[in-house]
Amino acid sequence: MTETEARFWETNSEEVAGWGSDFRISQQISILMFGSVVLCVALLAATVHAEPMTTTTTLPPTTTTTLPLEDIDSATTIPPGSFRWLDVANQLFSQFYRENYNYTQADVEVTYEIVDGIFGGTLTAIDLKPNFAYQLKLSGIPGTPANERIGLAGRWWQEIWNGTQWANGQNLNDKGDGSSPNPNDETYFTRRDIPDLTSPTGLLYKFSGYLVFDYFITDDNGDAIISFEADSSYHVLWKTTQRIWTTIDGPIKTHTFDVDPVSSDAYDTDYGEAAVSIFGEWERLAVGGVFPEIGDEFVAQLILTEESFHGSGGQYAGGWAAAMGGDIIYGLPPTTTTLPPTSTTTSTTSTTTTLAPISTTTSTTSTTTTLAPTTTTLPPTTTTVPTTTTTTLPPTTTTTMTTVPATTSTSSTITTSTSSTTTTTPTDRDGDGVRDSVDDCPDDPNPEQEDLDGDGIGDVCDPDDVGGLSIRLVSVRARQPNRGRYSVKGELDASLMPSLVEDVASGGVVVIIESTTREVNTLTFGPADCSASSNGSIRCSEPATRSLLRFRKRLAPLFFKVSIVGRRLSFAQPFLAETPLVVRLQTVADLLDRRDEIDNCLERAGGRVLRCREGG
């Protein structure tokens, strides 16, 4: 019965009820005759057009997959967007941060699995934008089966072929009452197959499905660890100050923070404490009950998207830029087996491989050495003492003793001199193993006797070298060759180095990171890499690795805020047992040196990151 017929029967039920039994009997006979005809036609079609039966076997993954997210160009993702330079409280990031930060500096890893058709896992993020809101979403690839499954659980991005390119990209924004299919889906199905032979796909419209299924806010360092499950469908994120939360929206997530421009490159201003609450507006209902169909094969992108809060904040608000992403690939290509139409045969071959036991023989050789007793014979005027006797001689006595193998019997003569000898033990006040008479810093331990400027005064006590550098934060990680990275933040008092700006601009600067056991990395910025600004600040950029150094001039004369980011470096990851770390800055021109030590270190992300912060 069609929908029109159903409405008809419902509207006219009273009148129909009075038509009498004759009509009902006639109706039943008609239904039986129609059913018989349909059955005959079906049997005839099955006889004439019998097709072989096909079975599809898909092997699901049985292990958890780890996916590192990579920096992506937001203009290449759907939908496109522009980057935001305000935190979740609309506080502006510093000019230095805006000019120098990008997502190659972040380290984001997703561990996921698909169990019973549900996609879930854990996201671990380091060095994203601090105090910042992100969406976590699945983005389909047009032309793949998963694209439609994602769109039917989330949203649709529509583009139209204008004869030369895909244009007029826009979201379909009629989500209806939250049920599925919704009005957007109806538009999709209506336009999906409209042809256009001039387009690359042969179709007039191109649709990309995407699903925002979770969201989070980073901490003061740009870090976050969240567990997720793709069980919800969100339209966009809002602050509670922008839109009233309802019980059918996503959960409210609150972040309270107080930025410190001294220890963070991201800020120039101390804004004071802020508390912001955000939530996800529903796209499909119910929250916690919408699951994209995974199917036998699922190929999509997992995208980390910046939340711009509908342009909240003005000039630097951004527009939902895609930050980082990676490919989700689930399932294997289906294996198709063609069987005769009348029978199904299943054949299972079991192969057992038996390995011979491995026999390990350990041979231990025990060696016993027996030493013969030693007899010492002295002249008649001397005393023969057993070898177990200890003889203490006066300080003015010189003793000559000859040691021979244990099996040899020898005579030993002790000669006593009447001369007086005074022995003086060399002093080593700082206990570094170098006697005071030659120690270039006798009161400060420096076993290596480092003296960068060659003035005879060791670096650790040279007023030209020691002091002035105060390191607040060091973060080091080395995932693989040429992917090592570190960041250093602190202050530099260069009042004893009045020519610092000129020295760096003309000769460059060297940054050395050391652990208690080794030199971790040395990064050199040459003269061509460095320049001084009109206000006395210094900026260095090493082009091969894109590493950066900045001495930002503060209000006090020759006082600088230090920011260093080393990128694309090869070094072995330092571990907690090798801390504290030492950061050394050396200017090439006048051979001046500054160093500071930082402890209070913690290993993060399973030991892949070492972070040290002043005061813990």
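The rules we used
The numbering scheme is per chain: residues are counted from 1 as the chain's sequence reads. Local features are withheld for residues below a pLDDT of 70 in this predicted model, meaning they are given only at 70 or higher, and side-chain atom pairs are given and counted only at 80 or more; totals for whole chains, interfaces and linings count all residues. No hydrogens and no water enter the side-chain calculation; it runs on all heavy atoms of the structure. By convention in these notes, a salt bridge is any Lys or Arg side-chain nitrogen within 4 Å of a carboxyl oxygen on Asp or Glu. Secondary structure counts use DSSP, requiring at least four H or I residues in a row for a helix and at least two E residues in a row for a strand, with both numbered from the N terminus. For the exposure calls, accessible area comes from a 1.4 Å probe over protein chains only, and a residue counts as buried if that area is under 20% of its type's maximum, exposed if over 50%, partly exposed in between. The term nonpolar core refers to a set of buried residues drawn from Ala, Val, Leu, Ile, Met, Phe, Trp, Tyr and Cys, joined through side-chain atoms within 4.5 Å. Working rule for contacts: check all heavy atoms of both residues, and any pair within 4.5 Å makes them a contact. Here a strand pair is declared whenever DSSP counts at least two bridges between the two strands. For every element, the axis is a line fit to its C-alpha atoms; helices are fit only across the contacting stretch, and the angle between N-to-C directions ranges from 0 to 180 degrees. It is the directions from the helix axis to the C-beta atoms that the arc portrays. In this description, the term disulfide denotes a pair of cysteine sulfurs within 2.5 Å. Surface patches are drawn from residues lacking salt bridges whose relative accessible area is over 30%; two like charges belong together within 9 Å, two nonpolar side chains (Val, Leu, Ile, Met, Phe, Trp, Tyr) within 5 Å. All accessible-area figures derive from a Shrake-Rupley calculation using a 1.4 Å probe, and residue coverage is judged against the displayed protein chains alone. Side-chain rings of Phe, Tyr and Trp (the six-membered ring for Trp) are treated as a pair once their centres are within 6.5 Å; stacked means planes under 30 degrees apart, edge-to-face means over 60, and tilted covers the remaining angles.

Draft legend 1. The pattern of salt bridges, seen in detail. Enumeration according to the criterion identifies 21 salt bridges in this entry. Across the pair D223 and R611 runs a salt bridge, and its minimum N-O distance is 3.0 Å. Of the two residues, D223 sits in the loop between β8 (205–217) and β9 (224–229) while R611 sits in strand β29 (residues 609–613), which places them 388 residues apart along the sequence. Residue D223 is classed as buried on the basis of its relative accessible area, which comes to 4%. Across the pair E614 and R472 runs a salt bridge whose closest N-O atoms are separated by 2.5 Å. With a gap of 142 residues between them, E614 in the segment after β29 and R472 in strand β18 (residues 469–477) connect regions that are remote in the sequence. By relative accessible area, which is 41% here, E614 ends up partly exposed. A relative accessible area of 23% places R472 in the partly exposed class.

Draft legend 2. Representation of the nonpolar core. Residues F119, L123, L128, L302 and L304 are the most contacted members of the largest nonpolar core, which totals 60 residues. At seven residues, the largest contribution of residues to this core is made by β8. When near neighbours in sequence (up to four residues on either side) are disregarded, L304 contacts L69, V108, L123, L128, Y134, Q135, L136, F216, A321, A322, A323 and M324. Of all hydrophobic cores here, the second largest spans 36 residues; its members include V474, Y486, V511 and F571.

Draft legend 3. Main features of the sheet that holds strand β22 (residues 530–532). In space, the eight strands of this open sheet follow the order β22-β23-β24-β25-β19-β18-β29-β28, with antiparallel pairing throughout. A single partner strand is all that each edge strand has here, and the edge strands are β22 and β28 (601–604). In this sheet, adjacent strand axes meet at a mean angle of 10 degrees when their direction is disregarded. The sheet contact formed by β28 and β29 spans four bridges and is antiparallel. If you follow E603 over to β29, its bridge partner there is L610. Running at roughly 20 degrees to strand β23 (residues 538–542), helix α7 (residues 500–507) makes contact with β19 (484–493), β22, β23, β24 (547–553) and β25 (559–569) of the sheet.

Draft legend 4. Layout of unusual backbone geometry. Residues S180 and P181 are joined by a peptide bond in cis, for which omega reads 0 degrees. Here P181 shows up in the loop between β7 (166–171) and α6 (183–191). Look at the link from L285 to A286: it is a cis peptide, with omega at 5 degrees. Note that A286 resides in the loop between β12 (273–284) and β13 (298–306). Despite not being glycine, D116 shows a phi value in the positive range, around 55 degrees.

Draft legend 5. The arrangement of α7 in detail. Among all positions in α7, only L500, V501, D503, V504 and G507 are buried. Following α7 by one or two positions, G508 has its phi on the positive side, about 90 degrees.

Draft legend 6. Up close: α6. Three or more residues of α6 are buried, namely N184, D185 and Y188. Buried residues along α6 cover an arc of 100 degrees about the axis, so they all sit on one side. Opposite the buried face of α6, at more than 90 degrees from it, the exposed residues are E186 and T190. Among the structural elements, α5 (145–153), β6 (155–161), β8 and β12 are those in contact with the buried residues of α6.

Draft legend 7. Highlighting the environment of V110. When you line up the elements, V110 lands in strand β3 (residues 107–115). In this structure V110 comes out as buried when scored by relative accessible area, which is 0%. In this structure, the C-alpha to C-alpha distance between V110 and T124, residues 14 residues apart in sequence, is 6.4 Å. Beyond its immediate stretch of four places on either side in the chain, V110 contacts T65, T66, L67, L69, T122, L123, F228 and L302.

Draft legend 8. Fine view of the state of the cysteines. Taken as a whole and assessed by the stated rule, the structure comprises two disulfides. Between the sulfur atoms of C530 and its disulfide mate C540 the distance is 2.1 Å. As the torsion about the S-S bond is roughly 115 degrees, the C530-C540 disulfide counts as right-handed. With C530 in strand β22 and C540 in strand β23, the pair connects residues that are ten residues apart, well separated along the chain. Residue C540 is classed as buried on the basis of its relative accessible area, which comes to 0%. Here C601 pairs with C612 through a disulfide, and the sulfurs are 2.0 Å apart. As the torsion about the S-S bond is roughly 105 degrees, the C601-C612 disulfide counts as right-handed.

Draft legend 9. Geometry of a nonpolar patch on the surface. Taken together, I141, V299 and I329 make up a surface patch of nonpolar side chains, about 230 Å² in accessible area. Along the chain, I141 falls in the loop between β5 (133–139) and α5. Residue I141 is classed as partly exposed on the basis of its relative accessible area of 31%.

Draft legend 10. Looking closely at the packing of aromatic side chains. Taken as a whole, this structure holds 23 aromatic pairs when the rule is applied. With 5.9 Å between their ring centres and 40 degrees between their planes, F83 and Y103 make a pair best called tilted. Residue F83 is found in the loop between β2 (65–71) and α4 (95–100), and its partner Y103 is found in the loop between α4 and β3; the two are separated by 20 residues along the sequence. According to the relative accessible area criterion, F83 is partly exposed, its value standing at 30%. We classify Y103 as buried; its relative accessible area is 3%.

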